[in-house]
Amino acid sequence: MNSFAHVIDKTQALNTTLAQRMVFLDVTIGTIIQNYSLDEAGYRGERFSNWPKDVKGNNDLIAITQPGII
């Protein structure tokens, strides 16, 4: 079996599983975000620039303020 056929088999298996139940994929996104060394302003972005509390470390917020990282 070539490597392309292996990918198709894995894709079909995932699609079958997704059709049957909920699937959670856990990735090391936190480590990837840390590599960007964002400061407080990097986490805030423009949208949350006046937010009354610190947001540095709030990796969920990155999906809104830095979608290119995610």
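The structure presented is a predicted model; accordingly, all values stated were derived computationally and were not measured.

## Section: the confidence of the model for the protein chain
Reasoning step 1: Mean pLDDT over the protein chain stands at 88; residues scoring 70 or higher make up 90%.
Reasoning step 2: Element-level pLDDT for the protein chain is lowest in helix α1 (residues 3-20), with a mean of 83, against a maximum mean of 95 in helix α3 (residues 40-44).

## Observations regarding a nonpolar patch on the surface
Reasoning step 1: Taken together, the side chains of Leu14, Leu18, Val23 and Leu25 present a nonpolar region at the surface, about 370 Å² in accessible area.
Reasoning step 2: In this structure, leucine 25 sits in the loop between α1 and α2 (29-34).
Reasoning step 3: For leucine 25, a relative accessible area of 72% translates into the label exposed.

## Let's talk about the environment of serine 49
Reasoning step 1: As for its placement among the helices and strands, serine 49 is situated in the loop between α3 and α4 (62-65).
Reasoning step 2: Accessibility expressed as a relative area gives 42% for serine 49, which makes it partly exposed.
Reasoning step 3: Looking at serine 49, its side chain comes within polar contact range of the main-chain oxygen of glutamate 46, at 3.2 Å.

## Some details on the environment of asparagine 15
Reasoning step 1: Relative to the assigned elements, asparagine 15 resides in helix α1.
Reasoning step 2: Along the backbone, asparagine 15 and serine 37 are 22 residues apart, and their C-alpha atoms lie at a distance of 36 Å.

Reading the values: the criteria
- Residues numbered from 1 in each chain as written.
- Predicted model: local features only at pLDDT ≥ 70, side-chain atom pairs only at ≥ 80, totals over all residues.
- Heavy atoms only, no water.
- pLDDT = per-residue confidence, 0-100.
- Helix = DSSP H or I, 4+ residues; strand = E, 2+ residues; numbered from the N terminus.
- Patch = residues over 30% accessible without salt bridge, like charges linked within 9 Å, V, L, I, M, F, W, Y side chains within 5 Å.
- Areas by Shrake-Rupley, 256 points an atom, 1.4 Å probe, with all protein chains shown as cover.
- Salt bridge = Lys/Arg side-chain N within 4 Å of Asp/Glu carboxyl O.
- Buried < 20%, exposed > 50% of the residue type's maximum accessible area, 1.4 Å probe, protein only.
- Polar contact = N/O pair within 3.5 Å; in protein donor to acceptor, adjacent residues only side chain to side chain.

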